[in-house]
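# Fold and geometry: a report
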Amino acid sequence: MSGVRSVRVRDSVSALATSPDGRHALAASKTSVTLLELDMPGSIKTVTTMAPAKSRNRKKDVTCNDVDWCYARPEVFAAGAVTGAVAVLNVGDEKMTKRAMYTFHTRFVNRVQWNGELLLSGSQDGLVCLWDTRMQGSEACVATFASKTGPVHDLSWEPGTPGDTHLKFVTGTTNNVAAVWDLRRAGAKRPVHAIFAHSDLVLSVHWHPHHAGKIVTGGRDKLIKVWNIDADSKTPEVTIQTASAAAVVRWHPTHAHLVGSCSNTTDLNIHVWDVRSKYVPLATFSGHTDQLTAFKWCSPPGIDHPGVLSASRDASVVCSAYGSAKFPYASLPSTALAFSVNASAQVVSSHAYVDRAIGTPMAVFGPDPPVSLFSPSAVASSLFDDAPVFRPVKREVTLCGGLDGEFDADTFRYLAKNYKLDGSLSMAASCEHNAAAAASQGCDDVATTWRMLALLYGDEESESEEIPGGEGGESNSAAAATAPKASARWHPGPDSDGDDGDNDDYGFKVDMSDEGMMPGARTFLGTESVSHPNSRMISLGSGYILGGLDDEAVRSKAAAQAAAVAAASGRGAGRMAKASLTLPAWDHTQVVHQVLHHYAGIGDVQTCVAIAMVLGSRLQLDKELARQYYFGYIELLQRLKLWLAVTEVVRMVDDEAVSMLNQKDTSVKFSCTSCGDALDVRGWFCAKCAEFKRCVLCQQRVRGAWVWCQGCGHGGHPDHLREWFANSKQCPSGCGHACGLDTKAKRSKRARVPASAGRAATRASDDPSPPAAPLPLGKQVPPSRGGRPVTRPTTWGPRRGARAAAAVAAASAASAESRASSTKSSTESSKKEKSRSLRSRRKKR
Amino acid sequence: MAAQGIETGHEDMVHDAQLDYYGKRLATASSDTTVKVFDMVGEAKGQPAVLNGHSAPVWAVAWAHPMFGSMLASCSYDKKVLVWKEETAGSWVVVYEFSEAAGSVNTIAWAPHEFGLVLAAGSSDGSLSIISKTEATDWTVTVVKDAHRVGVNSVSWAPALPEGALTSAGKADDGSAALCQRLVSGGCDNMVRIWRYSTQESRWLQDAELAHHTEWVRSVAWAPNVGLPTSTIASAGQDGEVVVWSRGSEPHWSKTVIAQLTETPWSVSFSLTGNILAVAGADGAVTLWKEDLDGEWRQVSTLTDEA
């Protein structure tokens, strides 16, 4: 790796010191101290290895724990020994003859720090001693600082202004305390400031070289904290979490915001943090294979390759140039995308225009255009420059809308609501209607498709007729052979199972008279219909009648041909009769399949599904494929919260998987009328109110539906009250309220649903009555329609369905007998009550 | 194209932003260890709910299908995946914490709701974890170890289609064909891998290995599919290439390199109907690509924000 130079020394290095000019370094290890030359490009050279002569007096051994280069006298350095002695030695002296030796500490010395001619040493015995190296012998110990804070792990002098002596220093000790001492108060038992820095040992402290009062501390609790003792020594300004114990923390000599840290345990990297962006390190230097013991910033001016000097137990000293670092910000994702379903398909992307150089929120300096592409060299140069160029970090998220040609939610919604897919119109009329709807939205190609389908499939009606025997009454008789309207009735739900294999998807049945029509005959829809008893006829929408043809394929071809003819020749021409036509074969089903495939391909699944639903089984679509279309469409509808359209599709599609959707998602609950809490159905007991409801007439517990007057609050079983109010208007409880005389009852806008509780609420009733207009209240209900339970289409989404259904279920009769009883002409008053209870229940919800 | 900037108020980089199922809420994940949930419409617009639970930069968020309630998952550098649920409007609690990964969890994705509440998480330790919860049981985790050697960067689920819907014209008449769980993952070994859950063996098997990229695969996305017999996957690599892989009825995946970008594409994403592919580059520009009729992918437009 370029920019990384290393050298091996004799054994594991425990400390480092750099010379004032940055050209040399000392690496202290157990048996020797090595002088290294850093300024050589390409490598670090070992200049001298200093090793003490073996001496019998172990007290004279200088097994160094720490070294520090004296900046005042660059030929001298200090070493703190494991024995507790502090020695002042000459740089480069191979025999390590000591200039001076100070012994005071009783345990090993952890740190030595020069301050001019003064030397400070901190030791495991908890003492900090200040030595004046100009003195000799025992007078050298000028001051001791002892506090009960335990072994001292690190020391740092306060940076003074040039010329001034430094006056304060900070120590980091075992007791989680970083203590600031003042030289002028030597001998004091307690420090000037004591910062409870960490929750574990304070392993390292460093005073900021430029900002008075700022100290960084690193602890074994894996935190690095920056304190400002001038402002507030209780809370740190910044807390940085690191991966493992922060054994050495050092401010950068020139950049005010950079802190380097390394760990003495598992993490073998040196991290450079910008204290303003405390979550991700700015740069990471690696290169060692064993635990790190020391590191130093190595970037004095004039050096070609500023970098970081680090030493480790793997007996190597590595100098890594800034450019060789890894920059974690480069591998962090800075943009994200999300498509939305809303109008004009929004895309969200998050920007952090990361200033890859620093990666922090910073103001813009300098007018230069920012570095747009992250490149290590660009970073390296800008990272540690004196006049860096930064770019603002955007912590914004951008919503972009209006993607052309893609899914337009407004059109989708409009068409979902306005397409006629239910077969209430004839095929051709449905297609025309849908074409108009599509054209109104500007989807001309879709509109054209609909019109083509109208032509192709024209007035062909459903495959199977069956004479709906007896059910639904009027529809049967209405379609007399002579009556002009052979209207198709919408029969809700898949109630025609098992009748005939050939059902239309939406239960489309054509009513017709049973006289003269042969089985399997096809009648016709449309504006005019004439039935000829002896022939099967097909008529096109414009009034043509084509001779009946048995074979379906031929019939469809005939229809196509007729369409062509009709188109060509206009209205009124070409009344072709009877079965002797030979028409060219054209199976257009395949073409329609391709049309569907095309629409699916461009993402317009709405058109696919609409076509499939209108054409029904004529389309002969592969069941699996159709199912995918349906599910895809339902998913899109759900995203846009078009619940009515969802249930419309679910109910009309003849596919078990699809129609099961309604049954899966709906649940019905019963709730208490007083408090609205869910009732325990087994006992009909409301836990909250702690009561049963008793019927005012029979005094029995009301299980199920409960009807009450809004005025006086009395109520009971619906049947009993109905009977009562048939004869009287007074409240049965004797409270004097005239329950039945309230003339302000408004019509309920919605049809009453006497559906039974539970599943039946979602499934259509078996009665083939049309979704009639809302029953008028307060008036005599016409007998032909009166009392017949009207099915209300479930048009709610899953959640709302539960609630509304609950309201409905609770307000209506809970058993089949109610349906029977409701066929009697219902009394107005109970209906009023019901409607009011319905409305009030709904308001409550 | 009109662009609207939203000031998130995060203190550090924003790494991910996702809109929920209905497009009404936005969740953002940031390096300041918080996730913020913004309401895009309504009175509470602009006042985010702040979710604190991670202790390191949060890389990604993902919204679950609304049928499970208001649920959100977030993954972070602190090796955890947190699943949040909105108990009352505006207040979110952690309902599940997954911390078995040995490295930063880089990516999460919820499976299609037909499979239930299932979440896939890819981590820097190379493992792919599938976390799921059913009504009856509690949260269970299945781990695919060594999905990618150095780390998994991105996962994406295939849309729920019946088994064999892609490969054969055979239909399942009962309508209850088993839905096949498939997902695609991209990782630091430059590979895109497709995994399939085999119900017979009750474990995840590698279905295919797609090799093309020469550098880390940063993002993969499986296109939503409506009724088309093809499967389409897009992958973006650190080498600047965006590749679209597609498979029809044959088991072989064919690839098309649609773009060679100068900036590292950080993420790819398909639109809801699977027609448009959006590619986000490192400089914040988003380009949109669309396949035209002869199978060529063209750049349709570019979205940038006005600085």
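Residues numbered from 1 in each chain as written. Chains lettered and ligands numbered in written order. Predicted model: local features only at pLDDT ≥ 70, side-chain atom pairs only at ≥ 80, totals over all residues. Heavy atoms only, no water.

As named in an unreviewed UniProt entry, chain B is Protein transporter SEC13, taken from Thecamonas trahens ATCC 50062. Of chain B, the UniProt comment under Sequence similarities (unreviewed entry) reads exactly: "Belongs to the WD repeat SEC13 family." Annotation of chain B in UniProt includes, under Subcellular location (unreviewed entry), the sentence "Nucleus, Nuclear pore complex". (UniProt positions renumbered as here; feature names shortened; annotations may be inferred.)

If you check an unreviewed UniProt entry, chain A appears there as WD repeat-containing protein 24 from Thecamonas trahens ATCC 50062.

The secondary structure content of chain B amounts to zero helices and 25 strands. When contacts within chain B are restricted to residue pairs at least 6 apart in sequence, long-range pairs at least 24 apart make up 42% of them. (Helix = DSSP H or I, 4+ residues; strand = E, 2+ residues; numbered from the N terminus. Contact = heavy atoms within 4.5 Å.)

Glancing now at the overall build of chain A. Across its full length, chain A carries 15 helices and 37 strands. Each of the 845 residues in chain A was classed as buried or not, and the buried ones make up 53%. Counting contacts in chain A only where the partners sit at least 6 residues apart, residues at least 24 apart contribute 53% of the total. (Buried < 20%, exposed > 50% of the residue type's maximum accessible area, 1.4 Å probe, protein only.)

Take the sheet that holds strand 11 (residues 118-123) of chain A next. Backbone hydrogen bonds hold the strands of a sheet together, and the pairing may be parallel or antiparallel. All names here are of chain A. Pairing is antiparallel across the open sheet formed by four strands, whose spatial order is 10-11-12-13. The outermost strands of the open sheet, each flanked by one partner alone, are strand 10 (109-115) and strand 13 (141-146). Looking at each pair of strands side by side, their axes are set apart by 15° on average, direction ignored. In this sheet, strand 12 (residues 127-132) lies alongside strand 11 in antiparallel orientation, the contact comprising five bridges. When the bridges of strand 12 are listed, Leu-119 appears paired with Trp-131. (Pairing = 2+ DSSP bridges. Axes fitted to C-alpha atoms, helices over the stretch in contact; angles between N-to-C directions.)

Time to look at the confidence of the model for chain A. Low pLDDT marks stretches whose predicted atomic positions should not be read closely. All names here are of chain A. Mean pLDDT over chain A stands at 66; residues scoring 70 or higher make up 58%. Across chain A, strand 20 (residues 223-228) holds the top mean pLDDT of 89, while helix 5 (residues 474-478) sits lowest at 34. Below a pLDDT of 50 lies the segment residues 461-556, which in the model reaches 170 contacts outside its immediate sequence neighbourhood of four places, other chains included. (pLDDT = per-residue confidence, 0-100.)

Quick look at the packing of aromatic side chains now. This model, assessed by the stated rule, comprises 17 aromatic pairs over all chains. Note on Phe-104 of chain A and Trp-131 of chain A: the rings are 6.4 Å apart at their centroids and 75° apart in plane angle, and the pair reads as edge-to-face. Pair noted here: Phe-104 of chain A is in the loop between strand 9 (98-103) and strand 10 and Trp-131 of chain A is in strand 12, with a separation of 27 residues, a long-range link. Look at Phe-104 of chain A and you get partly exposed, because its relative accessible area is 39%. Judged by its relative accessible area of 3%, Trp-131 of chain A is buried. Three or more aromatic residues link up through ring pairs in this structure, and these residues are Phe-145, Trp-157, Phe-169 and Trp-181 of chain A. Over the ring of Tyr-22 of chain B we find Lys-641 of chain A, and its NZ or CZ is 4.4 Å from the ring centre. (Phe/Tyr/Trp six-rings, centres within 6.5 Å; stacked < 30°, edge-to-face > 60°. Lys NZ or Arg CZ within 6 Å of the ring centre and 35° of its normal.)

On to the nonpolar core. Counting residues in hydrophobic clusters, the biggest one holds 52 residues, and the most contacted among them are Tyr-419, Trp-450, Leu-619, Tyr-629 and Leu-637 of chain A. Elements with a minimum of two residues in this core: helix 2 (409-418), helix 3 (427-440), helix 4 (444-457), helix 7 (589-601), helix 8 (605-615), helix 9 (623-639), helix 10 (643-652) and helix 11 (656-665) of chain A. For this core, the leading source of residues is helix 8 of chain A, giving nine residues. Those residues in contact with Leu-637 of chain A that sit more than four places away from it in its chain are Phe-412, Ala-416, Leu-642, Ala-645, Val-646 and Val-649 of chain A. In this structure, Leu-332 of chain A together with Ala-101, Trp-110 and Ile-131 of chain B belong to the second largest nonpolar core, which totals 24 residues. (Core = buried A, V, L, I, M, F, W, Y, C linked by side-chain atoms within 4.5 Å.)

Looking now at the UniProt feature "repeat: WD" (unreviewed entry) in chain B. Residues and elements named next belong to chain B. Following the UniProt record, one finds the feature "repeat: WD" (unreviewed entry) at residues 7-40, 51-85 and 210-246. As annotated, residues 7-40 comprises 0% helix and 56% strand, and the C-alpha atoms at either end are separated by 12 Å. Between the C-alpha atoms that bound residues 51-85 the distance is 11 Å, and the span itself is 0% helix and 54% strand.

It is worth spelling out the pairing of strand 2 (residues 13-18) of chain A at this point. Among the six residues of strand 2 of chain A, five are classified as buried, and the element is accordingly described as predominantly covered. Hairpin remark: strand 2 of chain A followed by strand 3 (residues 24-29) of chain A, antiparallel, with five residues in the connecting loop; positive phi at Gly-22 of chain A, about 80°.

Let us look at the UniProt feature "repeat: WD" (unreviewed entry) in chain A. Per the UniProt record, "repeat: WD" (unreviewed entry) is found at residues 102-134 and 195-237 of chain A. Helix and strand shares over residues 102-134 of chain A are 0% and 64% respectively, and the end C-alpha atoms of the span are 12 Å apart.

Attention now moves to the pattern of salt bridges. All names here are of chain A. Tallying each qualifying case throughout the model produces 17 salt bridges over all chains. In this structure, Lys-214 engages Glu-237 in a salt bridge whose closest nitrogen and oxygen atoms are separated by 4.0 Å. Here Lys-214 is found in strand 19 (residues 214-219), whereas its partner Glu-237 is found in the loop between strand 20 and strand 21 (238-241), with 23 residues between them in sequence. When its relative accessible area of 43% is taken as the criterion, Glu-237 is described as partly exposed. Two residues, Glu-635 and Arg-639, come together in a salt bridge whose shortest N-O distance is 3.7 Å. Of this pair, Glu-635 and Arg-639 both sit in helix 9, four residues apart, which is roughly one turn of the helix. Each member of the salt-bridge network shares a partner with another, and the members are Asp-66, Arg-111, Asp-154 and Arg-250. (Salt bridge = Lys/Arg side-chain N within 4 Å of Asp/Glu carboxyl O.)

Attention now goes to the side chain of Arg-250 of chain A. Residue and element names in this part refer to chain A. Along the polypeptide, Arg-250 turns up in strand 22 (residues 246-251). Looking at Arg-250, its side chain comes within polar contact range of the main-chain oxygen of Val-205, at 3.4 Å. With near-sequence residues (within four places) excluded, Arg-250 lies in contact with Arg-111, Asp-154, Ser-204, Val-205, His-206, Leu-258, Val-259, Gly-260, Phe-295, Lys-296 and Trp-297. (Polar contact = N/O pair within 3.5 Å; in protein donor to acceptor, adjacent residues only side chain to side chain.)

All names here are of chain A. As a packed pair, helix 9 and helix 10 sit with axes 8 Å apart at the nearest point and diverge in direction by 160°. Relative to helix 10, helix 9 is oriented roughly antiparallel. Here helix 9 and helix 10 pass one another in a crossing that is left-handed. Contacts from Tyr-633, Ile-634, Leu-637 and Gln-638 of helix 9 reach helix 10 at Trp-643, Ala-645, Val-646, Val-649 and Val-650. Here the contact of helix 9 with helix 10 is composed, by residue class, of eight nonpolar, one polar and no charged. (Parallel < 35°, antiparallel > 145°, perpendicular 65-115°, else oblique. Left-handed = near helix turned anticlockwise from the far one by under 90°. Nonpolar A, V, L, I, M, F, W, Y, C, P; charged D, E, K, R; others polar.)

Residues and elements named next belong to chain A. Read from one edge to the other, the open sheet built from four strands follows the order 14-15-16-17, with strand pairing classed as antiparallel. With one partner strand each, in any of the chains shown, strand 14 (152-157) and strand 17 (193-196) form the two edges of the open sheet. Strand-to-strand, the axes of this sheet are offset by a mean angle of 20°, without reference to chain direction. Relative to strand 15 (residues 168-173), strand 14 runs antiparallel, the two sharing five bridges. Across the sheet, Leu-155 pairs through a bridge with Thr-171, a residue of strand 15.

All names here are of chain B. Per-residue confidence for chain B averages 83 on the pLDDT scale, and 89% of its residues sit at or above 70. When pLDDT is averaged over each element of chain B, strand 7 (residues 71-76) comes out on top at 94 and strand 1 (residues 3-7) at the bottom at 70. Per-residue pLDDT stays below 50 along residues 166-176; that stretch engages in 20 contacts with residues further than four places along the chain or on separate chains. Taken over the whole predicted complex, pTM reads 0.58, whereas the ipTM for its chain interfaces reads 0.71.

Attention now goes to the environment of Pro-151 of chain A. Residue and element names in this part refer to chain A. In this structure, Pro-151 sits in the loop between strand 13 and strand 14. Judged by its relative accessible area of 17%, Pro-151 is buried. As a C-alpha pair, Pro-151 and Thr-173 span 22 residues in sequence and 5.6 Å in three-dimensional space. Residue contacts for Pro-151: discarding those within four places in its chain leaves Ser-123, Gln-124, Gly-126, Gly-172, Thr-173 and Thr-174.

Residues and elements named next belong to chain A. Positionally, Thr-34 belongs in strand 4 (residues 33-37). Looking at Thr-34, the relative accessible area reads 2%, which means it is buried. Discounting residues that sit within four places of it in the chain, Thr-34 has contacts with Val-9, Ala-25, Leu-26, Ala-27, Thr-46, Thr-48 and Thr-49.

Here we take up the pairing of strand 22 (residues 265-270) of chain B. Residues and elements named next belong to chain B. With six of its six residues buried, strand 22 lies for the most part within the structure. Of the strand pairs in this sheet, strand 22 and strand 23 (residues 276-281) are connected by five bridges, and their pairing is antiparallel. What sits directly across from Phe-270, in strand 23, is Leu-277. The hairpin formed by strand 22 and strand 23 contains five residues between the paired strands, and Gly-274 there has a positive phi angle of roughly 80°.

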